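Close look at the chain arrangement
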Amino acid sequence: MKTEQPDLPLAIRIRGLSKTYKTGFWFTPTVTQALKNLHLDVYENEAFGLMGLNGAGKTTVIKLILGLLKPTAGEMSVLGGNIFNRSIRSHIGYLPELPYFSKQHTGRELLEYFGELHGLRGKTLRHRVDEVLEMVRMAKTAGQRVSGYSKGMMQRIGIGQALIGKPKLLVCDEPMSGLDPVGYKEMRDIFLDLKKGGTTLFLNTHILDEVERICDRVGILHEGVLKDVAPMKKILEASVPVDYWLDLDKSEASKLSGLPFKASVAGNGGIQIAGLVLTETLALLTSRKAKVNSVRPLSSIVEAYFLKTIGAQNYLMESGRNEK
Ligand SMILES: Nc1ncnc2c1ncn2[C@@H]1O[C@H](COP(=O)(O)OP(=O)(O)OP(=O)(O)O)[C@@H](O)[C@H]1O
Ligand SMILES: [Mg+2]
């Protein structure tokens, strides 16, 4: 693949990985091919984001990487070895999609418990727990019971348990899902700190803003197939067509005739146009002396790239996202 850089050390190397789920009774089985012939390299010290719609196969990839599922075909190496080797597993941290922690314990008690599982004891354990609580911005709330934690606090304590053993590779399944803007920013800052500290990050997400700000490279998984892998820098530089919304006063409606807009809202006087005709449309509106109050992109470049890669016109229509 074009984006591979063969000289860099690999954290994850995947070749021809496939997974088929069989459910139901043996005489009427339901077969789902969740992952098809995946080839993927993740470099040491990079933040890699796997994007995909619901059901694309993202969690399946993570579970295969962690050895929680056995592949139907293919091979892989994680941190230079076999994931079923205990010494390799001890260098991996994992935040599952739906983490669950015992509610009657405090955040500190939970981290102490996970620290003990990693063989930490006494002063070393207390020191590491304090260190991790600082990292996940939970030092002040570590004495509270988990039952009183917000979703954001739960996710942060979840990252904390994954970090307690100083993992080289941190794997997170939808870490930002359901977070409010404050919780989201806190998580993002934690990931950016971890990146600076040299931890390799593998994130699954359908929140595209998340990958843009955290990930060095992204892969797009669609219906079990890896459609593309690209460095984030390249995506942001690419001129993927993005639609724009031009906000005009209602009184300007008569000046819109013949313009190449995709949609308009008469009540608010706005129009939606393709990025490719933005300059032309603005010039026409200027020549007709129409007052444009604001121009804003309707989707981010990452979102546009993602949708283009999965051939998403149909999905947009189904979800009605671009219909104003
Ligand atoms: N244990 C299972 N048994 C049967 N089918 C499964 C199982 N786990 C996942 N699948 C199916 O495999 C496909 C991929 O599922 P997966 O959970 O990997 O997707 P995902 O990208 O993580 O989705 P989401 O964004 O909803 O978490 C889906 O069609 C799903 O229904
Ligand atoms: Mg999932």
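Rules used throughout
- Residues numbered from 1 in each chain as written.
- Chains lettered and ligands numbered in written order.
- Predicted model: local features only at pLDDT ≥ 70, side-chain atom pairs only at ≥ 80, totals over all residues.
- Heavy atoms only, no water.
- Pairing = 2+ DSSP bridges.
- Helix = DSSP H or I, 4+ residues; strand = E, 2+ residues; numbered from the N terminus.
- Axes fitted to C-alpha atoms, helices over the stretch in contact; angles between N-to-C directions.
- Domains from an automatic or database assignment.
- Donors = N, O, S within 2.8 Å, 3.2 Å for Na, K, Ca; no water.
- Buried < 20%, exposed > 50% of the residue type's maximum accessible area, 1.4 Å probe, protein only.
- Contact = heavy atoms within 4.5 Å.
- pLDDT = per-residue confidence, 0-100.

Turning next to the sheet that holds strand β2 (residues 28–43). Spatially, β2-β1-β4 is the arrangement adopted by the three strands of the open sheet, whose pairing is antiparallel. Two strands in the sheet have a free side with no partner beyond their single neighbour: β2 and β4 (73–78). Neighbour-to-neighbour, the strand axes of this sheet turn through a mean angle of 25 degrees, independent of strand direction. The sheet contact formed by strand β1 (residues 10–25) and β4 spans five bridges and is antiparallel. Paired with Ile12 across the bridge in β4 is Val78.

Another aspect to go through is the domain arrangement of the protein. According to the domain assignment, the protein contains domain 1 (46–54 + 82–237) and domain 2 (243–298). Centre-to-centre, using C-alpha coordinates, domain 1 lies 43 Å away from domain 2.

For a metal bound by four donors in a tetrahedral arrangement, the ideal donor-metal-donor angle is 109.5 degrees, while six donors in an octahedral arrangement ideally sit at 90 or 180 degrees. Binding of the magnesium ion (ligand 2) to the protein goes through Thr59 (OG1) and Glu97 (OE), at separations of 2.0 to 2.7 Å. Here the residue Thr59 occupies a position in helix α1 (residues 58–66), and Glu97 occupies one in the loop between β5 (92–95) and α3 (107–117), the gap between them amounting to 38 residues. The partly exposed category is assigned to Glu97, whose relative accessible area is 36%.

For Pro167, the location among the structural elements is in the loop between α5 (151–163) and β6 (169–173). Separated by 138 residues in sequence, Pro167 and Tyr305 place their C-alpha atoms 32 Å apart. Setting aside chain neighbours within four positions, we find Pro167 in contact with His91, Ile92, Gly93, Ala162 and Thr199.

Of the residues in the protein, 92% reach a pLDDT of 70 or more, and the chain-wide mean stands at 88. Confidence drops under a pLDDT of 50 for residues 314–324, and excluding neighbours within four residues, the segment shows 16 contacts in the predicted structure.

What follows deals with the sheet that holds β5. Taken together, six strands build an open sheet; the order of strands is β5-β6-β7-β3-β8-β9 and the sheet is mixed. Two strands in the sheet have a free side with no partner beyond their single neighbour: β5 and β9 (225–231). Neighbour to neighbour, the strand axes of the sheet diverge by 15 degrees on average, direction disregarded. Both strand β3 (residues 47–51) and strand β7 (residues 200–205) contribute to a ladder of five bridges, which runs parallel. When the sheet's bridge partners are listed, Met51 is paired in β7 with Thr205. On top of the sheet, α5 reaches β5 and β6; it is set at about 160 degrees to β5, its chief contact. Running at roughly 150 degrees to β7, helix α6 (residues 181–196) makes contact with β3, β5, β6 and β7 of the sheet.

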